[in-house]
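Chain by chain, the residues run as shown.
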Amino acid sequence: MSAAQQPNPGHVYLVGGGPGAWDLITVRGMKALERAEVILTDHLGPTGELDQLCDTTHKEIIDVAKLPYERQTAQEKINELLVEHAQAGKVVARLKGGDPYVFGRGFEEYEYCLRHSIDCEVIPGVTSAVSVPALAGVPVTQRGLVHSFHVVSGHLPPGHPRSEVDWQALARSGGTIVVIMGVRQAPAIAQALIDAPLAPTTPCAIVQEGSTSQQRVFRCDLGTLAETMERYEVRSPATYVIGEVAGLSANQP
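Residues numbered from 1 in each chain as written. Predicted model: local features only at pLDDT ≥ 70, side-chain atom pairs only at ≥ 80, totals over all residues. Heavy atoms only, no water.

Per an unreviewed UniProt entry, the recorded name for the chain is uroporphyrinogen-III C-methyltransferase, and the organism is Corynebacterium lowii.

Undergrad: Sorry if this is basic, but what is going on with the pattern of salt bridges here?
TA: Proximity of charged atoms lets side chains of opposite charge pair with each other. This model, assessed by the stated rule, comprises 5 salt bridges. For glutamate 108, the salt bridge goes to arginine 105, with nearest N and O atoms at 3.9 Å. Since its relative accessible area comes to 38%, glutamate 108 is described here as partly exposed. Linking glutamate 227 and arginine 231 is a salt bridge whose minimum nitrogen-to-oxygen distance equals 2.7 Å. (Salt bridge = Lys/Arg side-chain N within 4 Å of Asp/Glu carboxyl O. Buried < 20%, exposed > 50% of the residue type's maximum accessible area, 1.4 Å probe, protein only.)

Undergrad: Explain the sheet that holds strand β3 (residues 60-63) here, please?
TA: As a general point, the strands of a sheet are linked pairwise by backbone hydrogen bonds and lie either parallel or antiparallel. Sheet architecture is open: 5 strands sit in the order β3-β2-β4-β1-β5, paired in parallel fashion. Edge positions in the open sheet fall to β3 and β5 (119-123), since each of these has one partner strand only. Here the average twist between neighbouring strands, direction ignored, is 20°. Here 4 bridges tie strand β2 (residues 38-41) to β3, and the two strands are oriented parallel to one another. The residue of β3 that forms the bridge with threonine 41 is aspartate 63. Across the sheet, helix α3 (residues 75-87) lies against β1 (11-16), β2, β3 and β4 (91-96), angled at about 155° from β4, the strand it touches most. (Pairing = 2+ DSSP bridges. Helix = DSSP H or I, 4+ residues; strand = E, 2+ residues; numbered from the N terminus. Axes fitted to C-alpha atoms, helices over the stretch in contact; angles between N-to-C directions. Contact = heavy atoms within 4.5 Å.)

Undergrad: So what exactly am I meant to see when it comes to the side chain of asparagine 79 here?
TA: For asparagine 79, the location among the structural elements is in helix α3. Overall, asparagine 79 belongs to the buried group, its relative accessible area being 8%. Apart from residues lying up to four places away in sequence, asparagine 79 is in contact with Glu109 and Tyr112.

Undergrad: How should the domain arrangement of the chain be read in this particular structure?
TA: Much of the literature gives interface size as the accessible area that the parts lose upon coming together. Taken domain by domain, the chain holds domain 1 (11-123) and domain 2 (128-247). Taking the mean C-alpha position of each, domain 1 and domain 2 sit 28 Å from one another. Facing the 9 residues of domain 1 at the interface are 17 residues of domain 2. At the boundary of domain 1 and domain 2, one finds 0 salt bridges. The tally of links between domain 1 and domain 2 comes to 2 residue pairs in polar contact (both at pLDDT 80 or more). Split into classes, the residues belonging to the side of domain 1 that touches domain 2 amount to 7 nonpolar, 2 polar and no charged. (Domains from an automatic or database assignment. Polar contact = N/O pair within 3.5 Å; in protein donor to acceptor, adjacent residues only side chain to side chain. Nonpolar A, V, L, I, M, F, W, Y, C, P; charged D, E, K, R; others polar.)

Undergrad: What exactly am I supposed to notice about helix α5 (residues 128-135) here?
TA: Residues spaced three or four apart along an α-helix face the same direction, because each turn holds 3.6 residues. Among the residues of α5, Ser128, Ala129, Ser131, Val132 and Pro133 are the ones counted as buried. Contact partners of the buried residues in α5: β6 (149-153), β7 (176-180), β8 (203-208) and β10 (238-242). Once α5 finishes, glycine 137 follows within two positions and takes phi at roughly 90°, a positive value.

Undergrad: Is there a simple way to think about the packing of aromatic side chains in this case?
TA: Two aromatic rings, taken as a pair, are described by how far apart their centres are and by the angle between their planes. Summed over all chains, the structure comprises 3 aromatic pairs. Centroid distance tyrosine 101 to phenylalanine 107: 5.8 Å. Interplanar angle 85°. Geometry classified as edge-to-face. A centroid spacing of 4.5 Å and a plane angle of 20° characterise the contact between phenylalanine 218 and tyrosine 232, whose relative ring orientation is stacked. In this pair, phenylalanine 218 sits in strand β9 (residues 216-221) while tyrosine 232 sits in the loop between α8 (225-231) and β10, placing the two residues 14 residues apart along the sequence. The exposure class assigned to tyrosine 232 is partly exposed, which follows from its relative accessible area of 36%. Among the aromatic residues, those joined into a cluster by ring pairs are Tyr101, Phe107 and Tyr110. (Phe/Tyr/Trp six-rings, centres within 6.5 Å; stacked < 30°, edge-to-face > 60°.)

Undergrad: What exactly am I supposed to notice about the packing of α3 against helix α4 (residues 106-115) here?
TA: Two numbers describe a pair of packed helices, the interaxial angle and the distance between the axes. Here α3 crosses α4 at 45°, and the two axes come no closer than 10 Å. In terms of axis orientation, α3 runs oblique to α4. Here α3 and α4 pass one another in a crossing that is right-handed. Every residue of α4 that contacts α3 at Gln75, Ile78, Asn79, Glu80, Leu82 and Val83 is listed here: Glu108, Glu109, Tyr112 and Cys113. (Parallel < 35°, antiparallel > 145°, perpendicular 65-115°, else oblique. Left-handed = near helix turned anticlockwise from the far one by under 90°.)

Undergrad: What exactly am I supposed to notice about the side chain of aspartate 42 here?
TA: Within the secondary structure layout, aspartate 42 lies in the loop between β2 and α2 (50-53). Here arginine 94 takes part through its side chain, which lies 3.0 Å from a polar atom of the side chain of aspartate 42. The contacts of aspartate 42, once residues within four sequence positions are left out, are Thr47, Val64, Ala65, Arg94, Leu95, Lys96 and Gly97.

Undergrad: Quick question: what am I supposed to make of a nonpolar patch on the surface here?
TA: Taken together, Val102, Phe103 and Met181 make up a surface patch of nonpolar side chains, about 250 Å² in accessible area. Tracing the chain through its elements places phenylalanine 103 in the loop between β4 and α4. (Patch = residues over 30% accessible without salt bridge, like charges linked within 9 Å, V, L, I, M, F, W, Y side chains within 5 Å. Areas by Shrake-Rupley, 256 points an atom, 1.4 Å probe, with all protein chains shown as cover.)

Below, the structure is given as structure tokens:
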């Protein structure tokens, strides 16, 4: 087969789907889903409302969800599926919750595609680390109060040998701390921050299923964070904010 007869490789879009609500995806992301012939979906983002974003009638939808502490699709398998379908000449969309590069392994998928000579385009998304607190009335920064914020993955407890989070440094930073994927480890995270020490009276806000019709919001302080989560049976996906901004009210001057 001559070079002119070689089949054209497909194209991969890494699409950030936003925090959950289908209408919080970007216009560019929606257009990529419309073009796609194959869509690999997560359990986060607008996966359950794909029909609001594109006509799925003739698209192949592949569920590659990674459920916390439950069923997991190996990252290696996801990478292989992206390349397999693209090499077959198809347009592939990898629909991820939030932003592909915020704890989403998007760069790993991007690199894998490039190593296999597949064109890959990253389409940023609205990260839950900022949008979910905002939808619950919590700004992650506020003029005159706090000028920095830190986004932390809480899937590993403080002190775990594979954890790369310096909780003591976070406690001393004076910035807002936003924890995602940290429901199960909330008791250990709260205690580590208190031991750092960060005052137990530091305001906290917990948002479960942010941006969706199931959204729930709870206010507490760092000392009662774990107790509040247990009392109200908070489950993933949930984001919690630790810092003075969590105590702000829209009624304040």
